[in-house]
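Topology and contacts: notes
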Amino acid sequence: MEVQSVLESEKSKFKSTEVEKAIPLEYDLGNLAAFDTNPIDPKSLKKGKENLLKQLTRDNTQLIMNAIFNLPTKSGEDGVFATLPEPVTIIPREKPIPKEKILTRWEKFAKAKGIQKKKRTRFEYDEKTGEYKARYGYDHTKSSDDIPEDWLIEVPRGADPMEDQYEKRANEKKERIESNKKRQKRNQEEAEAVRKNINPREARKQELLNKSIIAKTSTASLGRFDKKLKNEPKIKNQGIKKHHESATGDMNAEKQKTLEILEKTIGKKK
Amino acid sequence: MLRTIKPKNARSKRALKAREPKVEENPKQAIFIRGSSTNQVVNTALSDLCSIKKPYSTMFSKKNVIHPFEDQSSLEFFSQKNDASLFCIGSSSKKRPNNLVFVRMFDYQVLDMIELGIENFKSLHEFKSSKSSIGMKPLFIFNGELFEQREEYKKLKNMLLDFFRDEVAESVNLKGLEYIISVTAEPVANPTDLGKIFFRVYTIQMKKSGTKQPRIELEEMGPSFDFVFRRNRFAGEDVMKEATKIPKEKQAKKVKNVSHNEIGDKMGRIHMKKQNFDTLQTRKMKALKKKFKKDEDDNEGPASKKAKAA
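Residues numbered from 1 in each chain as written. Chains lettered and ligands numbered in written order. Predicted model: local features only at pLDDT ≥ 70, side-chain atom pairs only at ≥ 80, totals over all residues. Heavy atoms only, no water.

1. Here's the deal with the interface of chain A and chain B
This is how it is decided: Contacts are assigned to residue pairs that have any heavy atoms within 4.5 Å of one another. The term buried area refers to how much accessible surface (probe radius 1.4 Å) is lost by two components on association, counted for both of them together. For salt bridges, the criterion is a side-chain nitrogen of Lys or Arg within 4 Å of an Asp or Glu carboxyl oxygen. Whenever a nitrogen or oxygen atom comes within 3.5 Å of another N or O atom, the pair is scored as a polar contact, on the condition that within protein one atom can donate a hydrogen and the other can accept it, and that pairs from neighbouring residues in sequence are kept only if both atoms are in side chains. Elements are defined by DSSP. Helices are runs of H or I of four residues or more, strands are runs of E of two residues or more, and each kind is numbered from the N terminus. Classes in brief: Ala, Val, Leu, Ile, Met, Phe, Trp, Tyr, Cys and Pro nonpolar; Asp, Glu, Lys and Arg charged; the others, Gly included, polar. At least two DSSP bridges between two strands are required for those strands to pair.
With 55 residues of chain A at the contact, the number on the chain B side is 73 residues. Interface of chain A and chain B: buried area, both sides summed, is about 5800 Å²; carbon and sulfur atoms make up 62% of it. Among the residues of chain A in contact with chain B, Phe69, Arg93 and Glu94 of chain A are the three that bury the most area, contributing 14% of the side total. Between the two partners, chain A and chain B, sit 5 salt bridges. The salt bridge involving Asp226 of chain B is made with Lys49 of chain A; its shortest N-O contact spans 2.6 Å. Between chain A and chain B we count 32 residue pairs in polar contact (both at pLDDT 80 or more) in total. Breaking the side of chain A that touches chain B down by element, the ones donating at least two residues are β2 (33-36), α2 (42-47), α3 (49-69) and β4 (79-83) of chain A. The greatest single-element share of the side of chain A that touches chain B, amounting to 15 residues, is contributed by α3 of chain A. Within the side of chain A that touches chain B, the residues separate by chemical class into 27 nonpolar, 15 polar and 13 charged. Here β2 of chain A pairs with strand β6 (residues 139-143) of chain B via 4 bridges, running parallel.

Encoded structure:
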């Protein structure tokens with residue numbers, strides 16, 4: 001009992017932290033906000049606006065603070081931190097949700113296989129000097145005075161001895177670059193198709209078909225006598241074909257036509 | 001429209017990357033602009049609001065001929081150029097004296113706008129009190145039932161929260177709760193009327209209380225506004241839907257086959273494959289060994305081995 005009374009007296013020294021509300025507040029502690037839906041008396045608002053607002057806000061602040069102080073806390077370097085819950089109020093975003101990156105064929109394959117990119121370190125141990133040196137760039141391990149690795153290339157067994165191995169190597173590299181560029185282009189096209197929500201295979205098919213139609217217009221017969229492809233769809237010629245009147249035809253029809261033109265040009269003026 | 005920039009070096013690349021849409025967004029940047037004609041009240045009001053919003057705010061020093069309800073093109077331009085999505089435009093004319101327009105953008109396009117007229121204004125400097133330090137997160141309190149009932153009030157509540165809340169924090173320093181923004185809706189007699197809005201800012205003082213929670217005392221810090229509603233333009237439903245989408249990464253994952261009953265017990269449902277009873281391991285006994293099954297098998301080890309070899 002004595003402890004109780006000591007506690008009571010200790011408490012009564014300070015002003016209370018308790019506030020009574022008819023309708024409890026709604027909290028959105030993720031945004032550090034609270035919403036008080038209790039009606040405000042218009043008469044007392046007219047009487048002493050500033051005082052009422054301050055008193056009302058004080059009470060509500062007390063309630064928010066009580067709620068925040070009851071949250072789980074962590075003590076950090078510069079004080080005690082309250083862990084906030086997720087915000088409740090839905091607030092619009094600033095920018096749309098980022099679009100997912102469309103994977104290239106290799107990325108898809110690597111993902112399926114679980115292949116991960118390994119990052120090479122920037123520096124490597126140089127055995128000559130016993131120091132760590134850059135792998136590339138300024139002051140890197142292989143300095144320019146070194147003899148290049150391929151100062152001599154062995155001619156492979158069975159190869160033409162007169163063949164230039166250096167040229168062969170250069171050509172191979174060129175081809176590799178070329179084919180890689182092709183793949184890159186294909187990846188871009190496929191990504192474009194996926195973005196448009198089309199099956200990339202279908203898109204490629206359509207493109208080839210369009211190209212074949214264009215190619216057909218290069219012949220005088222608009223491809224009528226060309227060799228047919230397998231499963232080629234029947235496509236009407238899109239070009240406008242001009243029909244020429246025969247030189248020796250119906251005289252009356254020709255006369256009629258010419259008169260019509262005359263009527264159009266002269267007849268309007270009246 | 002701004003020209004699209006292709007980054008030429010790593011620095012500009014990084015800067016552009018910071019502007020890209022993200023799952024966890026940057027705190028919204030606000031721009032405070034003086035319209036074609038302003039007065040002292042509007043100017044101080046803008047600079048006061050700007051100083052509350054610091055460090056995520058910029059005050060434009062020159063006047064700009066902007067009429068947000070007529071033409072939004074310059075706002076769109078400023079938004080792209082400065083990577084800002086909040087605007088506060090102040091103006092004062094005969095028709096609409098002491099006018100503030102709060103504008104929100106989504107994807108560099110105007111999302112919604114609320115126009116408020118200032119009736120009673122007291123600046124930050126008129127209050128001789130301690131001010132909160134820069135960059136502190138404010139507390140918010142919205143008083144009045146109207147904030148739950150009327151569309152205009154709801155939108156204003158959302159707008160003000162968005163405007164001043166800065167970044168979304170996971171945790172907050174209890175000492176850093178320095179000030180509170182209090183917005184009160186004046187009660188209205190007629191349900192179609194729009195009452196005044198009292199916007200007040202107070203600094204918080206924490207006193208000893210003998211309990212875990214401190215006793216709170218307030219001191220008005222300013223600025224203080226009495227707002228009246230004027231024009232507004234709210235976002236279309238589809239745009240708002242797009243803007244409030246929650247990214248996949250942040251959506252709570254659905255836990256399959258686990259439920260909780262009324263008492264709070266966790267219930268799980270297990271899906272089993274069809275069991276093969278032929279290979280089921282039962283009690284081991286010497287008599288059941290395969291070795292003893294076949295009589296013709298004699299000294300050359302278990303039958304299974306022999307069958308394989310054959």
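Picking up where we left off.
2. Considerations on the side chain of Arg135 of chain A
Residues and elements named next belong to chain A. Tracing the chain through its elements places Arg135 in the loop between β6 (131-134) and α5 (165-195). Reaching out from Arg135, the side chain makes a polar contact with the backbone oxygen of Thr121 at a distance of 3.0 Å. One polar contact links Arg135 to Glu124, side chain to side chain, over a distance of 3.2 Å. When sequence neighbours within four positions are dropped, the list of residues in contact with Arg135 reads Arg120, Thr121, Arg122, Phe123, Glu124, His140 and Thr141.

3. Brief notes about a nonpolar patch on the surface
Residues and elements named next belong to chain A. How we decide: Without a salt bridge and with relative accessible area above 30%, a residue can belong to a patch; like charges are then joined within 9 Å and nonpolar side chains (Val, Leu, Ile, Met, Phe, Trp, Tyr) within 5 Å. All accessible areas in this document rest on Shrake-Rupley with a 1.4 Å probe, and a residue is counted as covered only by the protein chains that are shown. The classification of residues rests on relative accessible area computed with a 1.4 Å probe and restricted to protein chains. Under 20% of the type maximum is buried, over 50% is exposed, and intermediate values are partly exposed.
Among the surface-exposed residues, Trp106, Phe109 and Ile115 lie close enough to one another that they form a single nonpolar patch of about 330 Å² accessible area. With respect to the helices and strands, the residue Phe109 is situated in helix α4 (residues 105-113). The exposure class of Phe109 is partly exposed, given its relative accessible area of 42%.

4. Focus: unusual backbone geometry
All names here are of chain B. In this structure, the amide linkage connecting Lys54 to the following residue, Pro55, adopts the cis form with an omega of 5°. Within the element layout of this structure, Pro55 appears in the loop between α2 (40-53) and β2 (57-63). One non-glycine residue, Asp107, lies in positive phi territory at about 55°. Note that Asp107 resides in the loop between β4 (99-106) and β5 (109-122). Under the relative-accessibility criterion, Asp107 is labelled partly exposed at 34%.

5. Some words on the sheet that holds strand β3 (residues 73-76) of chain A
Worth spelling out the cut-off: Axis angles are defined between N-to-C directions and span 0 to 180 degrees, where every axis is a line fitted to C-alpha atoms and, for a helix, only to the segment in contact.
Strand order in this open sheet of 3 strands is β3(A)-β4(A)-β7(B), and the pairing throughout is antiparallel. The strands lining the two open edges of the sheet, one partner per strand, are β3 of chain A together with β7 (171-173) of chain B. The sheet shows a mean angle of 30° between the axes of neighbouring strands, direction not considered. Taken together, the 4 bridges between β3 of chain A and β4 of chain A define a ladder with antiparallel strand orientation. Paired with Ser75 of chain A across the two strands is Val80 of chain A, which belongs to β4 of chain A.

6. A few points about the UniProt feature "domain: Brix" (unreviewed entry) in chain B
The line we're drawing: UniProt positions are given in the numbering used here, feature names are shortened, and annotations may be inferred rather than shown by experiment.
The sites that UniProt annotates as "domain: Brix" (unreviewed entry) are residues 28-238 of chain B. Helix makes up 21% of residues 28-238 of chain B and strand 39%. Its end C-alpha atoms lie 22 Å apart.

7. Points about helix α3 (residues 73-82) of chain B
All names here are of chain B. Here α3 has its buried residues at Leu75, Phe78, Ser79 and Gln80. Turning to α3, the residues buried within the fold contact α1 (10-19), β1 (30-34), β2, β3 (86-91), β4 and β5. Phi for Asp83, located one or two positions after α3, is positive at around 50°.

8. Section: α2 of chain B
Put simply, the rule is: By this rule, a helix spans an expected 1.5 Å times one less than how many residues it contains.
Here α2 of chain B spans 20 Å end to end across 14 residues, near enough to the 20 Å set by a 1.5 Å rise per residue. Listing the buried residues of α2 of chain B in full gives Val42, Ala45, Leu46, Asp48, Leu49, Cys50, Ile52 and Lys53 of chain B.

9. Looking at the state of the cysteines
Using the following cut-off: When two cysteine sulfur atoms are found within 2.5 Å, that pair is recorded as a disulfide.
According to the stated counting rule, one finds 0 disulfides over all chains in the structure shown. With no disulfide of its own, Cys50 of chain B lies closest to Cys88 of chain B among cysteine sulfurs, the gap being 9.4 Å.

10. Points about the layout of surface pockets
Just so we agree on the cut-off: Detection works on a 1 Å grid of protein atoms alone, calling trapped sets that fit a 1.4 Å probe cavities and calling open sets with protein on both sides within 12 Å along at least five of seven lines pockets, with lining residues defined by an atom within 4 Å of a point. Grid points are joined across faces, edges and corners, and a volume is the space filled by probe spheres set on the points.
In this structure, the largest pocket spans a volume of roughly 860 Å³. Glu86 and Pro87 of chain A together with Arg165, Val168 and Lys250 of chain B are, among the 33 residues lining the largest pocket, the residues nearest its centre. The residue makeup of the lining of the largest pocket, split by class, is 14 nonpolar, 5 polar and 14 charged.

11. A look at the pairing of strand β9 (residues 197-207) of chain B
Residues and elements named next belong to chain B. Burial runs high along β9: 8 of the 11 residues are buried. Examined bridge by bridge, strand β8 (residues 179-185) and β9 share 7 bridges and lie antiparallel to one another. Bridge pairing links Tyr179 to Thr203 in β9. Bridge count between β9 and strand β11 (residues 224-233): 3 bridges; the pairing is antiparallel. Paired with Ile197 across the two strands is Phe227, which belongs to β11.

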